[in-house]
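Read off the chains here:
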Amino acid sequence: MQKPIKKDPNRYHGEKMTEFSEWFHNILEEAEIIDQRYPVKGMHVWMPHGFMIRKNTLKILRRILDRDHEEVLFPLLVPEDELAKEAIHVKGFEDEVYWVTHGGLSKLQRKLALRPTSETVMYPMFALWVRSHTDLPMRFYQVVNTFRYETKHTRPLIRVREITTFKEAHTIHATASEAEEQVERAVEIYKEFFNSLGIPYLITRRPPWDKFPGSEYTVAFDTLMPDGKTLQIGTVHNLGQTFARTFEIKFETPEGDHEYVHQTCYGLSDRVIASVIAIHGDESGLCLPPDVAAHQVVIVPIIFKKAAEEVMEACRELRSRLEAAGFRVHLDDRDIRAGRKYYEWEMRGVPLRVEIGPRDLEKGAAVISRRDTGEKVTADLQGIEETLRELMKDILENLRTRAWERMESEIREAETLEEASRIVDEKRGIISFMWCGEEECGMDVEEKVRVDILGIQEEGSGTCINCGREAPTGLTLPEHIS
RNA sequence: GGGACCAUAGGGUAGCUUGGUCGAUCCUUUGGGCUUUGGGAGCCUGAGACCCCGGUUCAAAUCCGGGUGGUCCCA
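Throughout, a residue's number is its position along its own chain's written sequence, starting from 1. For naming, the first written chain is A and the first written ligand is 1, with later ones following in the order written. This being a predicted model, a pLDDT of at least 70 is required before a residue's local features are given, and a value of 80 or more before pairs of side-chain atoms are given or counted; all residues contribute to the totals for chains, interfaces and linings. Each side-chain value is derived from all of the structure's non-hydrogen atoms; neither hydrogens nor water enter the calculation.

Caption draft 1: Molecular detail of a negative patch on the surface. Each patch is built from salt-bridge-free residues with over 30% relative accessible area, joining like charges within 9 Å and nonpolar side chains (Val, Leu, Ile, Met, Phe, Trp, Tyr) within 5 Å. All accessibility values rest on the Shrake-Rupley procedure with a 1.4 Å probe; residue burial counts only the protein chains present in the view. Each reported salt bridge corresponds to a side-chain nitrogen of Lys or Arg within 4 Å of a carboxyl oxygen of Asp or Glu. His is not counted here, nor are the chain ends, while Lys and Arg score as positive and Asp and Glu score as negative. For charged residues, the charge sits on one atom: NZ in Lys, CZ in Arg, CG in Asp, CD in Glu. Taken together, the side chains of Glu178, Glu180, Glu181 and Glu184 make up a negatively charged region of the molecular surface. With a relative accessible area of 31%, Glu178 lands in the partly exposed category. Whether a residue is buried, partly exposed or exposed follows from its accessible area with a 1.4 Å probe, protein chains only, as a fraction of its type maximum: under 20%, in between, or over 50%, in that order.

Written out as structure tokens, the structure reads:
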């Protein structure tokens, strides 16, 4: 009981803000999310706890997508000639494609690529599937792994060679305006998804030199990591008819003509999980939104010699009750000190902890402790389901608000290039300024201020910070040091 | 694409400069036992490592070469 509160130097270290990179690395190992020791660069192992979080995250996503998308599954390998068909598209990926060149000992007559993304895998099949305007629209998605031969430093969940979780949706429409509308819908879908994870985001239209290769335009979701740098966590592309022409995807109109379809695609990856971990986590470790947490409630019995069995029995009973009520609950009945359990479950991000000891039992109560605030309250065992449910709602709300405030406090407005440069010197955060939208002028800004322009926000107006021309749309240009 | 640094139990480290005292240090982890248990328990007793290949040498964790893996900086 006289605890020597010595900080174990080998557990992950606390200073999340000052040493984010180390914090992130350590928490992934410590909380048993990812094992980074697999002996191939950029490829890592999902451990059971991490896999649970991933599974729950996907569950939320599928619940939303399944409303009007159909899930499919396409092959991993793309023949070289298909991959090469869409020239601009290939150019964007050729440096980072993995190739399968052999089958056993014999060399393949036709090289096969590991999909870097699945446009060229799916679209030849779409050409077979789409016949008539009555088939449209079509909305598909799949959750697969993709491969990119990253040459820069890899980092678990954020920059990897095997993207283990890539949700890609592909839609097909009869008209340009329907495709346009689908882009808007996809943005709404992603908003709903990120909101249910409490992740703040910035929605921008990517500058033309940074759009998806082969697309008309790209709308991207970015969030802000604790190190002050932005992270792209989702993209929505309007593909126009480019791929339709390349892959001959046509439909018959009511009039009997044959026209090329209009397409969109949009994707999310492992980075979503990285952002949940990074943005909500703190110096005690993970802090998970209840919907993604592997365990939502952990029960810790406070055992003394006297009443030991009664306490255990009450805990077991509570567990069955909570399970019946639909909670993901765990009873930690290990024979170690309660304090140690607290530290462990806090590190693993469990939103709620319920403690039951002899004193509580006499009162027919339990102590509930919430992970996000550290607050403890005593609650009646009677009707505790409702209390816990309320608290979970509150936790998500609190996490979301907290995260949005933090991100917004890092967005700074600049009226002049000098001002922007000064902010850049701080090496963190996002700068918002007006830009005319011209490519040449944008490149010039990137050069002068030494930033990467993230994208254009579709609101407000003013004069361009660089050339002084009228800027029809307000612009947010986050500093994006990659 | 260019450069710097690093590699010792599951994790973190000491030792390397000046080869031998290393039967390799400390923390954590981990098996067994007793006493404990309202915020990381204590004691006893076990377990666990010099990245790979080659070289120099009587002798290599230590020096040299190559490989592999990792970290960071610059374009």
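Caption draft 2: Spotlight on the sheet that holds strand β18 (residues 365–370). The pairing criterion is simple: DSSP has to find at least two bridges between the two strands. Elements are defined by DSSP. Helices are runs of H or I of four residues or more, strands are runs of E of two residues or more, and each kind is numbered from the N terminus. Strand order across the open sheet formed by 5 strands is β16-β15-β17-β18-β19, with mixed pairing between neighbours. Edge positions in the sheet fall to β16 (329–331) and β19 (376–380), since each has one partner strand and no second. Strand-to-strand twist in this sheet, taken as the mean axis angle between neighbours without regard to direction, amounts to 25°. Inspection of the sheet shows strand β15 (residues 297–301) paired to β16 by 3 bridges, in the parallel sense. Along β16, the bridge assignment pairs Val297 with Val329. Working rule for contacts: check all heavy atoms of both residues, and any pair within 4.5 Å makes them a contact. Axis lines are fitted to C-alpha atoms, over the contacting stretch for helices. Their N-to-C directions set the angle, which ranges from 0 to 180 degrees. Contacting β15, β16 and β17 (352–356), helix α9 (residues 308–324) crosses the sheet at an angle of about 170° to β15. Against the sheet, helix α10 (residues 338–347) contacts β15, β16 and β17, and its axis sits at roughly 170° relative to β15.

Caption draft 3: Representation of the domain arrangement of chain A. Where each domain starts and ends comes from a domain assignment, either automatic or drawn from a database. Its domain assignment divides chain A into domain 1 (19–280), domain 2 (297–393) and domain 3 (411–478). Between domain 2 and domain 3, the C-alpha centre-to-centre distance is 51 Å.

Caption draft 4: Quick peek at helix α13 (residues 417–425). By the burial criterion, the buried members of α13 are Leu417, Ala420, Ile423 and Val424. Along the axis of α13, the buried residues cluster in a sector spanning 120°; they form a single face. Turned more than 90 degrees from where α13 packs its buried face, Glu418, Arg422 and Asp425 sit exposed. The secondary structure elements touched by the buried residues of α13 are β20 (411–413), β21 (430–432) and α14 (439–449). Once α13 ends, the next one or two residues include Lys427, with phi positive near 65°. Within this analysis, the arc is defined by the directions that extend from the helix axis to the C-beta atoms.

Caption draft 5: Up close: helix α2 (residues 48–65). Expected span, for any helix, means 1.5 Å times one less than how many residues it has. Spanning 18 residues, α2 covers 25 Å between terminal C-alpha atoms, matching the ideal 26 Å at 1.5 Å per step. Where α2 is buried, its residues contact β2 (45–46), β7 (138–147), β8 (162–173), α6 (176–197), β14 (262–269) and α8 (271–280).

Caption draft 6: Representation of the packing of aromatic side chains within the structure. Whether two aromatic rings pair depends on their centres lying within 6.5 Å, for rings of Phe, Tyr and Trp, where Trp uses its six-membered ring; planes under 30 degrees apart make the pair stacked, over 60 edge-to-face, and the rest tilted. Applying the stated criterion across every chain yields a total of 22 aromatic pairs. Residues Tyr190 and Phe194 carry aromatic rings whose centres are separated by 6.4 Å and whose planes lie at 70° to one another, so their mutual orientation is edge-to-face. Placement of the pair is Tyr190 and Phe194 together in helix α6, with a separation of 4 residues, close to one helical turn. What makes Tyr190 buried here is its relative accessible area of 0%. Judged by centre distance (5.0 Å) and plane angle (80°), the ring pair of Tyr201 and Trp404 falls under edge-to-face.

Caption draft 7: Region of the structure containing the UniProt feature "binding site: ATP" in chain A. UniProt positions are given in the numbering used here, feature names are shortened, and annotations may be inferred rather than shown by experiment. Under the present numbering, the feature "binding site: ATP" in UniProt falls on Arg148, Glu150, Gln232, Thr235 and Ser269. Along the polypeptide, Arg148 turns up in the loop between β7 and β8. Beyond its immediate stretch of four places on either side in the chain, Arg148 contacts Phe93, Glu96, Tyr98, Pro116, Thr117, Val160, Arg161, Ile163 and Phe166. We call two N or O atoms a polar contact when they sit within 3.5 Å, provided that within protein one can donate a hydrogen and the other can accept it, with sequence-adjacent residues counted only if both atoms are side-chain atoms. Reaching out from Arg148, the side chain makes a polar contact with the backbone oxygen of Pro116 at a distance of 2.7 Å. Topologically, Thr235 is positioned in strand β11 (residues 230–240). You can call Thr235 buried: its relative accessible area is 11%. Not counting the four nearest positions on each side in its chain, Thr235 is found in contact with Tyr190, Thr218, Val219, Ala220, Cys265, Tyr266 and Gly267.

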